[in-house]
Amino acid sequence: MDSDFNEWVKIALSDATFPQTLALDILSNPNLDLLCLVAAAGEVRMTYFGRQVMLHRINDIQNGLCPEDCGYCAQSKISDAPIKKYPLKSEEEIIQEAHEAKAKGVYRYCLVSSGRGPTADRTQHLAHIIRRIKTEVGIQTCLSAGLMDQEQATILKAAGLDRLNHNLNTSESHTPDIVTTHTFQDRINTLKAARSAGLDLCSGMIAGMGETDQDIVDVAYQLHQYQVPSIPINFLIPISGNPIYDCNQLTPQRCLRILCLFRFVNPKAEIRIGGGREGHLRGLQALALYPANSLFVEGYLATRGHSIDQVYQLIYDAGFEVAGDVSSSKNLSSTSQFQLDNNPNILNPLTTINSPNP
Ligand code: SF4
């Protein structure tokens, strides 16, 4: 590894703050050797997390019907995306799905509800559901339910909630370009309320919304300032009907650089590859496990993603391990079967020659 990268690793493994000029360099220097960068970020990741990958499963417990105007979101009041809208799922359905997630080896069950924020009644109801999940299922929980104050966060903490998710999404200066119904400061206030209530914080960003390199760097350092231990990095999924549709900014290599930047600036944080992993990282998904140590499985809010079996295969093929209880999926770790798109014709030369597009 280049001596510069050795120096970067040393800084990240010390308690020193990673220099902003180097952080910008990660995104903007075309001469940076990407493989060396990934290896260096991987060294930091291995120090704090070994080869373990944490799997998170989102349960979209309420979809659409949101009065906010986040331009990237298919659930917003200004989106024409043809999504399935539904009010809060039943308590029994949410708990049953928590059992299913645990049985599949999922580490953390993330309840996500659309809307500006929960009412007092809704907060009590969510607390009741979380209490049942903790006692009946016994899985790590995270809730993303919009803006909330310290009183609400305290009620959820008392019910057993482990983490509260509230993404910054982008920098303070870029926020008015993507949403007008709430402010960056509103989001910071929610994170402060959660921390005061004793909840773990989860907060990240969405890349690919027309932001500059500096915007991304600003988010990374804002999360560093609050010592956020869980950082999901989403890559904008182009959903037709959303005002912020496709800014044409993301390539697999840029996505890798963004993940490496977050690892160097937030070396001890759980860096999660969020929405858009499959479509934006494409063939570089395995390399992304070097800076990142966490993934979502089985899709996101309005879109599907790779199945849990595909994710296990990705992880084990790359030489990593799934964190937590994986007893139900151990057979996947030792598979040596040849697999190619489940298309038997590909293995038949005659078929391939006669039918170039089977
Ligand atoms: S991101 Fe959340 S608050 Fe914004 S429109 Fe979507 S559901 Fe509503």
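Residues numbered from 1 in each chain as written. Predicted model: local features only at pLDDT ≥ 70, side-chain atom pairs only at ≥ 80, totals over all residues.

Novice: Would you explain the overall build of the protein chain in this entry?
Specialist: Within the protein chain, the secondary structure is distributed over 14 helices and 10 strands. Nonlocal contacts in the protein chain, meaning residues at least 24 apart in sequence, comprise 78% of its contacts between residues at least 6 apart. (Helix = DSSP H or I, 4+ residues; strand = E, 2+ residues; numbered from the N terminus. Contact = placed C-beta atoms within 7 Å.)

Novice: I keep staring at the site of the ligand and nothing clicks. Help me out?
Specialist: Around the ligand lies a shell formed by Cys66, Glu68, Cys70, Cys73, Gln75, Ser76, Ser114, Arg116 and Gly146. In terms of residue class, the shell around the ligand is built from 3 nonpolar, 4 polar and 2 charged. (Near = placed C-beta within 6 Å. Nonpolar A, V, L, I, M, F, W, Y, C, P; charged D, E, K, R; others polar.)

Novice: Sorry if this is basic, but what is going on with the packing of helix H3 (residues 34–49) against helix H10 (residues 252–265) here?
Specialist: The packing of two helices is summarised by the inter-axis angle and the distance between the axes. H10 packs onto H3 with a crossing angle of 35° between their chain directions and a minimal axis gap of 10 Å. Judged by the sense of rotation from one axis to the other, the crossing of H3 with H10 is left-handed. Here H3 contributes Leu34, Leu37, Val38, Ala41, Val44 and Arg45 to the contact with H10, which in turn contributes Gln253, Leu256, Cys260, Arg263 and Phe264. Here the contact of H3 with H10 is composed, by residue class, of 8 nonpolar, 1 polar and 2 charged. (Axes fitted to C-alpha atoms, helices over the stretch in contact; angles between N-to-C directions. Left-handed = near helix turned anticlockwise from the far one by under 90°.)

Novice: Looking at this structure, how should I read the packing of helix H5 (residues 120–137) against helix H6 (residues 150–158)?
Specialist: Where H5 contacts H6, the axes come no closer than 8 Å and their chain directions differ by 20°. Judged on the interaxial angle alone, H6 and H5 are roughly parallel. For the pair H5 and H6, the sense of crossing is right-handed. Where H5 approaches H6, its residues Thr123, Gln124, Leu126, Ala127 and Ile130 are matched on the opposing element by Gln152, Ile155 and Leu156. For the contact of H5 with H6, the per-class residue count stands at 5 nonpolar, 3 polar and no charged. (Parallel < 35°, antiparallel > 145°, perpendicular 65-115°, else oblique.)

Novice: Help me understand H3, please; the structure alone is not making it clear to me.
Specialist: For the α-helix, the turn length of 3.6 residues means that residues three or four positions removed from each other point alike. A rise of 1.5 Å per residue sets the reference length of H3, with its 16 residues, at 22 Å; its end C-alpha atoms lie 22 Å apart and thus fit the reference within 8%. Within the sequence span of H3, burial applies to Leu37, Val38, Ala40, Ala41, Gly42, Val44 and Arg45. At the C-terminal side of H3, Gly50 shows a positive phi close to 60°. (Expected span 1.5 Å × (residues − 1). Buried ≥ 20, exposed ≤ 12 C-beta atoms within 10 Å, placed from the backbone.)

Novice: Just checking my understanding: could you explain the confidence of the model for the protein chain for this structure?
Specialist: Detailed reading of the predicted coordinates is not advisable wherever pLDDT falls low. The pLDDT averaged across the protein chain works out to 89; a share of 88% of its residues lies at or above 70. This model gives residues 351–358 a pLDDT under 50, and the stretch forms 6 contacts once residues within four places in sequence are excluded. (pLDDT = per-residue confidence, 0-100.)

Novice: Just checking my understanding: could you explain the pairing of strand E2 (residues 108–113) for this structure?
Specialist: Consecutive side chains of a regular strand alternate in pointing toward one face of the sheet and then the other. For E2, a buried count of 5 out of 6 residues is recorded, marking the element as mostly surrounded by other parts of the structure. Bridge count for strand E1 (residues 52–62) against E2 is 6 bridges, and the pairing is parallel. The residue of E2 that forms the bridge with Arg57 is Tyr109. A crossover connection joins E1 to the parallel E2 through helix H4 (residues 91–103); in handedness this β-α-β unit is right-handed. As defined by bridge partners, E2 adjoins strand E3 (residues 140–144) across 5 bridges and the pair is classed as parallel. (Pairing = 2+ DSSP bridges. Right-handed = clockwise from strand over helix to strand, strands pointing away.)

Novice: Before we go on, may I ask you to explain the nonpolar core in this structure?
Specialist: One recurring pattern in soluble globular proteins: nonpolar side chains tend to sit buried together. Core analysis: the biggest nonpolar cluster contains 93 residues, and Leu259, Leu261 and Phe264 have the highest contact counts within it. Residue contributions to this core peak at 9 residues, all from H10. Contacts of Leu261, omitting those with residues within four sequence positions, involve Ala23, Ile26, Leu27, Ile216 and Ala220. (Core = buried A, V, L, I, M, F, W, Y, C linked by C-beta atoms within 7 Å.)

Novice: Honestly, H5 in this entry has me stumped. Any pointers?
Specialist: The terminal C-alpha atoms of H5 lie 25 Å apart, and with 18 residues this matches the ideal 26 Å at 1.5 Å per residue to within 8%. Burial in H5 covers these residues: Thr123, Leu126, Ala127, Ile129, Ile130 and Ile133. Seen from one end, H5 has its buried residues packed into an arc of 165°, which puts them on one side. Seen from the buried face of H5, the exposed residues on the opposite side, beyond 90 degrees, are Ala120, Asp121, His128, Thr135 and Glu136. Looking at the buried residues of H5, the elements they touch are H4, E2, E3 and H6. A positive phi of about 70° marks Gly138, the residue just after H5. (Arc of directions from axis to C-beta.)

Novice: Would you take a moment to explain unusual backbone geometry for this structure?
Specialist: Phi is mostly negative for residues that are not glycine, and the peptide bonds are mostly trans. Even without glycine at this site, Asn169 takes up a positive phi of about 75°. On the secondary structure map, Asn169 appears in the loop between strand E4 (163–165) and helix H7 (175–178). At Arg282, a residue that is not glycine, the phi angle is positive and equals roughly 45°. Looking at the secondary structure, you find Arg282 in the loop between helix H11 (277–281) and helix H12 (285–288). On the basis of neighbour count, Arg282 is assigned to the exposed category, with 11 C-beta atoms found within 10 Å.

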